[in-house]
Amino acid sequence: RSLNGKVAVVTGAGSGIGRGIAIRLAEDTAKIAIWDINAVGAAETARLIEEAGGTAIALDADCSDKAAIHAAAEETRTRLGPIAILVNNAGIAPFTPFMDIEDDLFDKTVHINLRGPYLLTKEVLPDMLAAGWGRVVNITSSSVQSGSFAQVHYVSSKGGLMGMTKALALEFAASGVTFNMVPPGFIDTPMLRSAPIDVDAFAQTLPMKRVGTPEDIAAAVAYLASEEASYITGQTISTNGGRYMG
Ligand code: NAD
């Protein structure tokens, strides 16, 4: 509970995992900026945080659009202060057999899931470098370990994000800014419920006999965002209930 009013941007926090992360970081005393294209969901997350006594703003921002990212960052700085924590969580996860993937859909998936975090990091890193302290946590996916049927576009984008996290961690290792990642396993969110999977039956095949919760992911993110994790960079906390190891 030690974030001491630092400003945290959580993308895609209008739903699912992002909402869980935003609520948890607010409990840890961060001021939260929710950036999402889902304005209704973002407002609801902000309401939940404020109702619990925290501070949150909800901004309508397409996190694959450079101008929108810049505008959201400027508004966040004006209303809350310099950005200290970035959680790149916004993402899409289409299911499409490989030969049916339209080039535009491949590009869109990469634009949101990989190019977005690249643009976001470039936008907010100067705040962190100026402070000599920062945390970037990227939400990747256990599908990079396992592959995922009909998700070549998605798994490619998340694999790229894993590589980007490690390369950034190395380049900025001496700056006070850490870059880490949390690859979720199967987490109960609207995204999972819209996938072509019988979630409750599938849960029984998992080692823990349950899918994960947004709070499970949020706990790993909260640790990586904390002061205590200052000697950890370029690392992965796999949060998948023991389905994939190593
Ligand atoms: P979700 O669909 O419930 O929420 C995703 C949020 O991202 C939504 O609010 C959506 O509006 C937002 N978003 C999408 N495109 C955006 C854009 N261009 N700009 C801003 N916001 C945008 O999904 P979730 O299950 O909470 O997933 C969150 C992250 O976790 C994603 O990156 C996803 O790939 C990853 N993940 C989820 C699971 C799972 O089982 N749920 C597993 C592995 C990885």
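The rules behind each value
- Residues numbered from 1 in each chain as written.
- Predicted model: local features only at pLDDT ≥ 70, side-chain atom pairs only at ≥ 80, totals over all residues.
- Heavy atoms only, no water.
- Near = heavy atom within 4 Å.
- Polar contact = N/O pair within 3.5 Å; in protein donor to acceptor, adjacent residues only side chain to side chain.
- Areas by Shrake-Rupley, 256 points an atom, 1.4 Å probe, with all protein chains shown as cover.
- 1 Å grid on protein atoms, 1.4 Å probe; cavity = no way out; pocket = protein on both sides within 12 Å on 5 of 7 lines; lining within 4 Å.
- Sits in = over half its atoms within 2 Å of the grid points.
- Helix = DSSP H or I, 4+ residues; strand = E, 2+ residues; numbered from the N terminus.
- Pairing = 2+ DSSP bridges.
- Axes fitted to C-alpha atoms, helices over the stretch in contact; angles between N-to-C directions.
- Contact = heavy atoms within 4.5 Å.
- Salt bridge = Lys/Arg side-chain N within 4 Å of Asp/Glu carboxyl O.
- Buried < 20%, exposed > 50% of the residue type's maximum accessible area, 1.4 Å probe, protein only.
- Expected span 1.5 Å × (residues − 1).
- Right-handed = clockwise from strand over helix to strand, strands pointing away.

**Looking at the site of the ligand**
Phase 1 of the analysis: Lining the immediate surroundings of the ligand are 27 residues, of which Ser15, Asp36, Asn89, Tyr154 and Thr189 lie closest.
Phase 2 of the analysis: In the model, an oxygen atom of the ligand is placed 2.8 Å from a nitrogen or oxygen of the Ile187 main chain.
Phase 3 of the analysis: Between an oxygen atom of the ligand and a side-chain N or O atom of Thr189, the distance comes to 2.5 Å.
Phase 4 of the analysis: Here the ligand, which alone exposes 840 Å², has 92% of that area covered by the protein.
Phase 5 of the analysis: Most atoms of the ligand, that is more than half of them, are within 2 Å of grid points of the largest pocket.
Phase 6 of the analysis: When contributions to the shell around the ligand are tallied by element, the ones reaching two or more residues are helix 1 (16-27), helix 6 (152-171) and helix 7 (190-193).

**Examining the sheet that holds strand 5 (residues 134-139)**
Phase 1 of the analysis: Ordered in space as 3-2-1-4-5-6, the six strands form an open sheet in which the pairing is parallel. A single partner strand is all that each edge strand has here, and the edge strands are strand 3 (55-60) and strand 6 (177-182). Each adjacent strand pair in this sheet contributes to an overall mean axis angle of 15°, direction not counted.
Phase 2 of the analysis: Relative to strand 4 (residues 83-88), strand 1 (residues 7-11) runs parallel, the two being bridged by four bridges. Bridged to Val7 within strand 4 is Ile83.
Phase 3 of the analysis: The strands touched by helix 1 within the sheet are strand 1, strand 2 (31-36), strand 4 and strand 5, with strand 1 carrying the most contacts at an inclination of about 170°.
Phase 4 of the analysis: Packing against the sheet, helix 3 (residues 66-79) makes contact with strand 1, strand 2, strand 3 and strand 4, and its axis sits at approximately 155° to strand 3.

**Description of the pattern of salt bridges**
Phase 1 of the analysis: In total, this model carries 10 salt bridges according to the counting rule given.
Phase 2 of the analysis: Residue Arg77 pairs with Glu74 through a salt bridge whose shortest N-O separation is 2.8 Å. Remark: Glu74 and Arg77 occur in helix 3; sequence separation between them is three residues, near one turn of the helix.
Phase 3 of the analysis: Glu74 sits in the partly exposed class, given a relative accessible area of 38%.

**Observations concerning helix 1**
Phase 1 of the analysis: The end-to-end C-alpha separation of helix 1 is 17 Å, in line with the 16 Å expected for 12 residues at 1.5 Å each.
Phase 2 of the analysis: Note on helix 1: the residue one or two positions beyond its end, Thr29, has a positive phi of about 75°.

**Considerations on the pairing of strand 1**
Phase 1 of the analysis: Within strand 1, five of the five residues are buried, which leaves it mostly tucked inside the rest of the structure.
Phase 2 of the analysis: Of the two faces of strand 1, the one holding Val7, Val9 and Thr11 and the one holding Ala8 and Val10 are both buried throughout.
Phase 3 of the analysis: Remark: the strand 1/helix 1/strand 2 crossover connection has right-handed handedness.

**Focus: the side chain of His153**
Phase 1 of the analysis: Note on placement: His153 falls in helix 6.
Phase 2 of the analysis: Apart from the residues within four sequence positions on either side, His153 is in contact with Pro94, Phe95, Thr96, Ile101, Leu105, Phe106 and Thr109.

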